[in-house]
Amino acid sequence: MSFIIRQLKKYLFFEEPEKRERFILRPGARPADEEGSGSFEKAKEKKKAESEKAPEPGDEVKSDIDANLTHMKDVYSIPVNSDIVLREFDITYGCRTVRAFIIFFDGMTNTEVINNYILKPLMVDSVMPLKDTAENLEGYVMRQLMPHCQVNISRGYKKAVEAVNFGGCALFVDGLSVCFTADVKGWDHRGVEKPNNEIIIKGPQEAFNEVLRTNCAQIRKRLKDEDLIVEDILVGRVSRTPCSILYIKDVANEALVQEIRRRLEGISVDYMLDAGELEQLIEDSTVYPSPQVISTERPDYTAELLVSGRVAIIVDGSPNVLVVPITAFDLMHSPEDNYIRFPYVNLLRYIRYIAGFLALLLPGLYVAITNYHHEMIPTDLLLAIEASREKVPFPSLVEILLMEISFELIREAGLRVPGPIGPTLGIIGALILGQAAVAANIVSPVLIIIVALTGIGSFAIPNYSLAYSVRIMRFGFIFLGALAGFLGITVGLFMIGSWSTALKSFGVPFMSPFGPKTSGRYKNVIFRAPEWKMEERPDYLNPKKKRKQAEYSMKWKHGKRKGEQD
Amino acid sequence: MSVFTWAMVILILAYGLIRTVSYAVWNWKNNNRAGSVFIMLVCIVMIALPAYILFFRT
Amino acid sequence: MQMDKRIRFGRWEAIMLITNLICTKVFLYFNRMTAEDTGNAGWMMAAFTSAMALLFYFLVMSLYGKFEGMDILDIAEAGGGKVLRTITGFVLGGALFVLAAITMRKFSEDIKTISLPTSPLSYVMGFFMAGVIIAGLLGVESIVRHNAIVTPIATAGYIVILLGIMPNIDVTNLLPILGTGLKDILMKGFYRTSVFAELLVLFMLPPFLENPGDARKVGYVAITASSFFFVTGSLVYTLVFPYPTSMEPFLPVFNMARLIGLGRFFQRIESLFVFIWVMSALVYLSTVFYFGVYTVSKAAGLKYARPMMIPFAIILFSAAFLPVDLLSVIKIESEIINTWGWAVTFAFIGLVMIAAGAGKRAGRGTKGR
Amino acid sequence: MKRTVVYLRIGCCLLLLIMSLALSGCYDQREIDEMAYPLAVGLDVGRANILRMTLQLAAPLSIGGGGGGESGGGGGGAGGKPVSVITVDTPSIYSGLNMVNNVISKEINMSHAKVIVISRKLAEKGISKYIQAMMRGREFRPDMFIVVTDDPPDVYLREVSSVLESNPAKYYELLLGKDYSSYYPEARIADFHHAIERLDIEPTAVLSGINPKESVEEIDMMGKTGEHYLDEGRYEAGNVPAVSELKNVAMGTAVFRGGKMVGTLNGIESVCFQMVTGRYNHSYWTIPDITGSGNVIVMNVVQRKRPKTTVEMKDGKPYITVRLDLEGDYTSIQSTLEHEKYPEAIENKTIEVIRENVTTFLRRTAEEFDSDICGLGRFMKGKFLTWDEWEKFDWPSHYRNSEFNVEVKFKIRRTGLIIRLMMPELSAAPRVASGSVKGGWLCRYSHGPW
């Protein structure tokens, strides 16, 4: 009850809006709080400090192995927890024997590696005579006894537990107040496969999978550039999901990277499992229908977007990578646009925009015209529609809603039915239902055409999320069209337009480069210029380097031939 | 006008009035007396004008 | 004012904003008004009016030099203190408000006439109001950017109308060349400088501009662009509708669009232009309304303009109902707004600037700092 | 967080607004099948009231092809009449629409009316008030055609039953908006309306009528004057020697002065009318043979440029010069004489014929009708500086005194598919003796030397 009153109060009474810094991506901007040094250097220092930070009190690894053992058993609820493996053994060090144990999850780790490169050296090789009888056991274990490439020393339990949770193995040795963590991930996962949802005909056919590092590597192998930075951030208080921020150091705007870092660090949830969740946690407006983040499963497309100065976020366990910031027009681009020749791209884009227009407005326009603007229809068509509607008992609004809803139904059901039945269901649904509905005089035949065109239009939209938003808004336009004809539809367009122009995706106005106007509007927004003309990165991203091509990118066309010179 | 329309009109007017008056109060508290008075005047016009249109104009 | 401090926009957006504000009346009544004033020489009057507006603007702007980057309220304060600032703010805000109310009424009546004849006016106006309130709440950024998108589209639509009507033109309609006489062209043309009344929004813009020096240029470009619309509009209109009948159409451009018929299929498309009209009308209304509220709130020293949107929207909605019928709306429009608008836009602002200049010289400027 | 609250607030406002709008009802919302669409409107002098109005309503089920209902019965619908005609006597157009709504169940929507048919009687009484009423209405289109008939429109509209098109609207659009016959002008209501109010031009309408002939015998009874041919353009609608299933014929022009009809032009005069106004497209002209035998030469005459017209005032009389610039193709030469060899002679003959026709037509408009339908006054306007002077000059009062001078330029450009004999020195064709009138051209085609 008090909550309701509080909410009511919020709506009814004026209270001073809290001071919020709105992030606006400005040209050449450095983050406002760090004059002088770039945010990249700052981040570097921060990371360094973090890795050297002493563990919090109470979290330090004890030098007494029994204490460590009880602690770890406690943490992992051994023996209730059955897939955790705790193996105790002895290390012979010089002439003494030291107790030790390792702990790891069965199934998440590669036992082969543990056996051969961790346990074997520790248990067997340590017996061999030492070349160097240094007193320092810690250094001895680290440098000689663990022939594994990824070993870290941690002084706190937390890090060790984190590592074990993420497919590592922790080694505790008696007498040492540190533990060693080795990365021995070895769970089963999907290999690199063909993309399932963003299918293109020409171009690379590799998709991201669910493994973070594989995904990073997929991008890195395309962008062979040491300036490509992969920054890790753990999101989720409990799940500690590793996420990577990818950007090209000398291209991406530092303020932008800083803002993304800030948003990711500012997420306070327990579990964060997928990129789809992360998208909702970092986007600017959750209510706005269309997505403000590109979520792609194609490494090549991600690389292309990174080159233009955008930033990618990879979430471990999710085959989709988020790329920000974007504008409304980027959502109408397909990865294939880069790989096919320029005349075809323009035709395709043109068709895509028509498809978007149809998917968004066609039913609304149909309702508006048939209910308000009869004079617009050519007389022959008008009489045909009138004849076909003569026996239909519903008003055209009900008629179109009926068909739209059954269309969505077929779509959703087709997704759920297993494998090969899916398309069949679609055909049955579309053909039989449509045909029968017309025969039964429930809908008019013209309407079937409208709904079919709308459906096809919405599938031609390259971005999956955008297609959703278009479908939602379509219903709004149907109602507005039924309310006041073209006036209603125009007011609806105006409202959506106002909202879009007020919106920002990570500091970039959503409707740029048209509102606000920036340069390069005719290069790669609605139309696409030839490849050699793509000299500049999008202006609205304010990248560090404006140009990405030489002025004459086809050098061979200009200078002389070698033979001629000689 | 139907009952529903009346209800809508009254609801909108009441909402606008309460919110604006609360803004005036906020201004008064923040030492903007003149501004507060101005907002109150706006409030009066806001109620008077629709009332005139709805009731008193022949 | 609130977070607006950080909001900036470029020259292009400002030009589009001002041009759309001035040119929306081409869709409404401008052509008929020129025909009523000067017969078939309306295009001459339009050209003369534009030239006069440029001259006035030049004069006003020559006073502006010292105050670069300030809006008219700050200028008034620099010269005449708080009192002048408040007076200026209320005069300008009031003027914008009258413009918004009349245009709102007019557009609603138009839409009612051409596509929703049996709906009550409040129903039609409700749609406009909804758009205006939402744009007002979303703020100046959204309005300005929307202008930058809508104005080119509206221009394209307008040019399509002009091209589509080409087969119907008759060049002899321009004769006798001087229309109802040179005196009419000059005298009425002078008063009709009022069609540039919306320029006063420009004097509120400088703080928002990325480069405050642009304000001057924005004005010149916007006036020139508008004069293009005015002249082509009335020229083509006169060429299509011969003089005595050219005074009749209630909605000149709509009537022109009705005549478009290119073959059996490409005709009866005037309803499509409802899109363009309503769109530019909504942008116009939201801009004028927003800046009206903004000016008044700033003059009253309010910290936030947004909470004033709803009360002022209610006032606007009721004020639009004040004229009893369409004829009185047209009368107000042509006899008050379009006859005396220049007094506010050019004379009043010029006076304020002169006063401010004098005040500054008298030493107030240093104290204000 | 706060931002979302703002959006939520906006969303709530929106929802409330839309709900209120929705609940208050969609006032203008009309389904297509709740409307009846007249395709033509007829106006006549009423007996029971001032005006007799006839509406020709489209019957969608028979035009649009019956409702897609195999199961519903009815089906096909090709059998029914495409239109249904209603006649009411009424004081004015709009009150007539009200009355019609008492008869039929659907609301009348005029936005698809293509043509307005006016009886001659009404036209002679004056129709400007009705035209004005239609121009004011939102539903009437400004591009409706305007037609005057000798017969009552109710009879006329009942007779309209096109054979080639199932949809009468298409029939009207193709018939009246066509550009391949010049025997009647293109008359749209918007132009008509303008012309009523203008000083420098007078309105015209298409002349149409019912051709009642049922059989060829009726044509036989029209009689013929000897062996000489009659120009096909001398007819007016209603007395055209044709028999067809289609009873209504459009031919000729109705001439108005102000809002009142003052006379008619026949087909050939209508052609001249369009030549002078520059809206002439092309038509076949029948030119008598230069030798004076009963044969004819048929010429496809095209307007090359818009005519140049000048008006001079001399001793208070307008001297009007019209310069026509035409060109043409041979379409047929009946005589066996090789007329192709003498293009100049034929050109001159054509010029003579056209000039005579145009001059007669112009004189007729000035002297008989006193109505400047060609808009020649438009060329006088430029001589004045201001509108007041032009109004004071009062062109309509001067027009009847006009002197006309028609200059025609005509050049034969092409010869159709047969080009032989154009150049005498190249042709080695044997000369066929003249005088064999009958079948002369026939033997050229079938027994030619090639």
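The structure contained in this document is the topic of the report that follows.

Calculation rules
- Residues numbered from 1 in each chain as written.
- Chains lettered and ligands numbered in written order.
- Predicted model: local features only at pLDDT ≥ 70, side-chain atom pairs only at ≥ 80, totals over all residues.
- Heavy atoms only, no water.
- Helix = DSSP H or I, 4+ residues; strand = E, 2+ residues; numbered from the N terminus.
- Expected span 1.5 Å × (residues − 1).
- Buried < 20%, exposed > 50% of the residue type's maximum accessible area, 1.4 Å probe, protein only.
- Contact = heavy atoms within 4.5 Å.
- Patch = residues over 30% accessible without salt bridge, like charges linked within 9 Å, V, L, I, M, F, W, Y side chains within 5 Å.
- Areas by Shrake-Rupley, 256 points an atom, 1.4 Å probe, with all protein chains shown as cover.
- Salt bridge = Lys/Arg side-chain N within 4 Å of Asp/Glu carboxyl O.
- Buried area = accessible area lost by both parts, 1.4 Å probe.
- Polar contact = N/O pair within 3.5 Å; in protein donor to acceptor, adjacent residues only side chain to side chain.
- Nonpolar A, V, L, I, M, F, W, Y, C, P; charged D, E, K, R; others polar.

### Here's the deal with helix 13 (residues 396-416) of chain A
Residues and elements named next belong to chain A. Here helix 13 spans 30 Å end to end across 21 residues, near enough to the 30 Å set by a 1.5 Å rise per residue. Within helix 13 the residues assigned to the buried category are Ser396, Glu399, Ile400, Leu401, Met403, Glu404, Ser406, Phe407, Glu408 and Arg411. Where the residues of helix 13 are buried, they touch helix 11 (342-371), helix 12 (379-389), helix 14 (421-439), helix 15 (445-460) and helix 16 (464-502).

### A look at unusual backbone geometry
For the bond running from A:Ile78 to A:Pro79, omega is 10°, close enough to zero to count as cis. Structurally, A:Pro79 is set in the loop between helix 3 (65-75) and strand 1 (84-93). Of note, the bond from C:Leu175 into C:Pro176 is cis; its omega dihedral lies within 30 degrees of zero at -10°. Note on placement: C:Pro176 falls in the loop between helix 6 (140-164) and helix 7 (182-191). A positive phi angle, near 45°, is found at A:Arg240, a position not held by glycine. The class of A:Arg240 is partly exposed, set by a relative accessible area of 35%. Phi is positive for A:Asn542, which is not a glycine, with a value near 45°. Mapping A:Asn542 onto the fold places it in the loop between strand 12 (508-509) and helix 17 (562-565).

### Regarding a nonpolar patch on the surface
A cluster of nonpolar residues, B:Trp6, B:Ile10, B:Tyr52, B:Leu54, B:Phe55, B:Phe56 and C:Leu322, forms a patch on the protein surface that exposes about 700 Å² of accessible area. Within the residue set of the nonpolar patch, elements represented by two or more residues are helix 1 (3-29) and helix 2 (33-56) of chain B. Sorting elements by how many residues they give to the nonpolar patch places helix 2 of chain B first, with 4 residues. Examined against the element boundaries, B:Ile10 turns out to sit in helix 1. Its relative accessible area of 54% is what places B:Ile10 among the exposed residues.

### As for the interface of chain B and chain C
Note on interface size: it is often stated as the accessible area lost on association of the parts. Taken together, the 20 residues of chain B in the interface contact 19 residues of chain C. Of the roughly 1,600 Å² buried where chain B meets chain C, counting both sides, 81% is carbon and sulfur surface. Considering only the side of chain B, the residues that lose the most area to chain C are B:Tyr23, B:Phe38 and B:Leu49, jointly responsible for 33% of the buried surface there. There are 0 salt bridges connecting chain B and chain C. Across the chain B-chain C interface, the total number found is 2 residue pairs in polar contact (both at pLDDT 80 or more). Elements supplying a minimum of two residues to the side of chain B that touches chain C: helix 1 and helix 2 of chain B. If one sorts the elements of the side of chain B that touches chain C by residue count, helix 2 of chain B sits on top with 10 residues. In the side of chain B that touches chain C, the residues fall into 14 nonpolar, 5 polar and 1 charged.

### Focus on the pattern of salt bridges
Where charged atoms from two side chains of opposite charge approach closely, those side chains can pair. One pass over the full model with this rule turns up 70 salt bridges over all chains. Note that A:Asp337 is salt-bridged to A:Arg349, the shortest N-O span being 2.8 Å. Remark: A:Arg349 occurs in helix 11 and A:Asp337 occurs in the loop between strand 10 (321-324) and helix 11; sequence separation between them is 12 residues. The exposure class assigned to A:Asp337 is buried, which follows from its relative accessible area of 1%. The partner of D:Glu269 in a salt bridge is D:Arg364, and the shortest N-O contact between them spans 2.6 Å.

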